[in-house]
Amino acid sequence: MTTATYDDHADWYNDYMSPSSTGEFVDRVHTTLGQLLGPGEGICLDVCCGTGAHAAPAAALGWTPVGVDLSRGQLRYARHRLPVVVGDATALPLADGSVPAAMCVLASTDVPDYAAVLREIARVLAPGGRFVHLGVHPCFIGAFADWSEGTRIVLDERYADRTRTLDSWNPAGVRARVGAWHLPLADLLNATLAAGLRLERTTETGSGGIPNLFGFSAVKADHCSD
């Protein structure tokens, strides 16, 4: 089972990623999430929901967000924002084909095997169900990317390194606290397709010329099986 690395940082992260934050980054995350998810009804499973910071945009679209996360520390906050259950994203406590929608927001780098998470999401999605992935941009965010100059991003050969690291240009950021597993763009997209999910739309967004967010919406094929 994946270790709940956020337990020791739950209080800090709740403040950092508060739903009441007016920060440009959080606003952009929620706007992009809404665009990819679209309106609907029924359960939208918030995989690796953390503190529940991203439940409100899904609820505003008509969905009923339900969260699952391994971190009991973060779920102390999340339970005030949506129904939650303690669970491993690679072994979701749900029946096959039981939910019409799912999302995973800013969490793909928090698990050692995101391909396994994608397979589990595909398993619990109903045929035709929608999945939204939204995370840091695989090509420009990671230990291999130095953003300290602001107007220019310097990349190095560690882009191919898929192991966990706490290296970061920003010693006060999330990754310097909890670390991250890097997943190159090709690996992310190939794992999505291999899980039986059909890509419908991709998006890149950032406040400057280089995007720091990458997301996509996908649909479970009618013939997909676990």
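What this report covers is the structure whose coordinates are included nearby. Note that the structure is a prediction, hence the values are computed from the model and not measured.

A few words now on the state of the cysteines. Such a bond, covalent and formed between the sulfur atoms of two cysteines, is termed a disulfide. Taken as a whole and judged by the stated rule, the model has zero disulfides. Not engaged in a disulfide, the cysteine Cys 44 finds its nearest cysteine sulfur in Cys 104; these two sulfurs lie 11 Å apart. For Cys 44, a relative accessible area of 0% puts it in the buried group. Free of any disulfide, Cys 48 has its nearest cysteine sulfur in Cys 104, 4.6 Å distant. By relative accessible area, which is 18% here, Cys 48 ends up buried.

The space that makes up the largest pocket amounts to roughly 910 Å³. Lining the largest pocket we find 40 residues, and of these Val 136, Ile 141, Gly 142, Trp 169 and Arg 175 sit closest to its centre. With three residues, helix 2 (residues 24-37) is the largest single contributor of residues to the lining of the largest pocket. The residue makeup of the lining of the largest pocket, split by class, is 20 nonpolar, 14 polar and six charged.

With that settled, consider the sheet that holds strand 1 (residues 43-47). Across the sheet, seven strands lie side by side as 3-2-1-4-5-11-10; this open sheet has mixed pairing. The open sheet has two edge strands with one neighbour each: strand 3 (84-86) and strand 10 (197-205). Within the sheet, the average angular offset between the axes of one strand and its neighbour, ignoring direction, is 20°. Sheet analysis places strand 10 next to strand 11 (residues 213-220), joined by eight bridges and oriented antiparallel. Following the sheet pairing, Thr 203 is matched in strand 11 by Gly 215. Its contacts with the sheet place helix 7 (residues 185-194) against strand 5 (125-136), strand 10 and strand 11, and it is angled at close to 15° to strand 11.

Let us look at the packing of aromatic side chains. Throughout the structure, instances matching the rule amount to five aromatic pairs. Here Phe 131 and Phe 216 contribute two aromatic rings whose centre-to-centre distance is 6.1 Å and whose plane-to-plane angle is 70°, an arrangement assigned as edge-to-face. Within this pair, whereas Phe 131 is found in strand 5, its partner Phe 216 is found in strand 11, the two being separated by 85 residues in sequence. Neither residue differs from the other here; Phe 131 and Phe 216 are each classed as buried. Members of the aromatic cluster, joined through ring pairs, are Tyr 6, Trp 12 and Tyr 13. Seen from the ring of Trp 181, Arg 164 lies directly overhead, with NZ or CZ sitting 5.5 Å from the centre. Between the NZ or CZ atom of Arg 177 and the centre of the ring of Trp 12, over which it lies, the distance is 3.9 Å.

Under the criterion given, the structure shown has two cavities of 30 Å³ or more. Along the wall of the largest cavity there are 25 residues; nearest its centre are Tyr 6, Cys 48, Asp 69, Gln 74 and Asp 110. Along the lines of polarity and charge, the residues of the lining of the largest cavity split into 12 nonpolar, 10 polar and three charged. If you add up the space inside the second largest cavity, you get close to 30 Å³. In this structure, the second largest cavity is lined by Thr 5, Tyr 6, Thr 109, Asp 110, Arg 164, Val 178, Gly 179, Ala 180 and Trp 181.

Another point: the environment of Pro 57. Mapped onto the fold, Pro 57 is located in helix 3 (residues 55-60). Residue class for Pro 57 comes out buried when judged on its relative accessible area of 12%. Setting aside residues no more than four positions away along its own chain, Pro 57 makes contact with His 30 and Leu 33.

All right, on to the nonpolar core then. Val 47, Tyr 114, Ile 121 and Phe 131 are the most contacted members of the largest nonpolar core, which totals 26 residues. If you list the elements that add at least two residues to this core, you get strand 1, strand 4 (99-105), helix 5 (114-124), strand 5, helix 7 and strand 11. Top element by residues in this core is helix 5. It accounts for six residues. Not counting chain neighbours up to four residues away, the residues in contact with Phe 131 comprise Ala 102, Met 103, Cys 104, Tyr 114, Leu 118, Ile 121, Leu 125, Leu 197, Phe 216, Ser 217 and Ala 218. Core analysis: the second largest hydrophobic core is formed by 21 residues, Tyr 13, Met 17, Leu 36 and Leu 134 among them.

A complete count under the given rule lists 10 salt bridges for this structure. For Arg 123, the salt bridge identified is with Glu 120, shortest N-O distance 2.8 Å. Of this pair, Arg 123 and Glu 120 both sit in helix 5, separated by three residues, roughly a single helical turn. Across the pair, Glu 120 and Arg 123 agree in class, each one buried. Here Arg 152 makes a salt bridge to Glu 149, at a shortest N to O gap of 3.1 Å. Connected via shared salt-bridge partners are Asp 96, Glu 120 and Arg 123.

So, how was this worked out
- Note that residues are indexed from 1 along each chain, following the sequence as it is written.
- Side-chain atom pairs in this predicted model are given and counted only at pLDDT of 80 or more, local residue features only at pLDDT of at least 70, and totals for whole chains, interfaces and linings cover all residues.
- Think of the side-chain values as coming from all heavy atoms in the structure, minus any hydrogens and water.
- The definition used for a disulfide is geometric: two cysteine sulfur atoms within 2.5 Å.
- Each residue is placed in one exposure class: buried if its accessible area under a 1.4 Å probe, protein chains only, is under 20% of its type's maximum, exposed if it is over 50%, and partly exposed if it falls in between.
- Cavities and pockets are found on a 1 Å grid laid over the protein atoms alone: a cavity is a set of points where a 1.4 Å probe fits but cannot escape, a pocket is an open set with protein on both sides within 12 Å along at least five of seven lines, and a lining residue has an atom within 4 Å of such a point.
- Grid points are joined across faces, edges and corners, and a volume is the space filled by probe spheres set on the points.
- By the criteria applied, helices consist of DSSP H or I runs no shorter than four residues and strands consist of E runs no shorter than two, each listed in order from the N terminus.
- For this classification, the nonpolar set comprises Ala, Val, Leu, Ile, Met, Phe, Trp, Tyr, Cys and Pro, the charged set comprises Asp, Glu, Lys and Arg, and every other residue, Gly included, is treated as polar.
- Any two strands with at least two DSSP-identified bridges between them are counted as paired.
- To get an axis, fit a line to the C-alpha atoms, keeping to the stretch in contact for a helix; angles then go from 0 to 180 degrees between the N-to-C directions.
- We call two residues in contact whenever any of their non-hydrogen atoms come within 4.5 Å of each other.
- To pair, rings of Phe, Tyr and Trp, with the six-membered ring standing in for Trp, must have centres within 6.5 Å; the planes then decide the type, stacked if under 30 degrees apart, edge-to-face if over 60, and tilted in the middle.
- By definition here, charges over rings are those cases where NZ of Lys or CZ of Arg is within 6 Å of the ring centre and within 35 degrees of the ring normal.
- We define a nonpolar core as any set of buried Ala, Val, Leu, Ile, Met, Phe, Trp, Tyr and Cys residues linked to one another through side-chain atoms lying within 4.5 Å.
- Counted as salt bridges are all cases of a side-chain nitrogen of Lys or Arg within 4 Å of a carboxyl oxygen of Asp or Glu.

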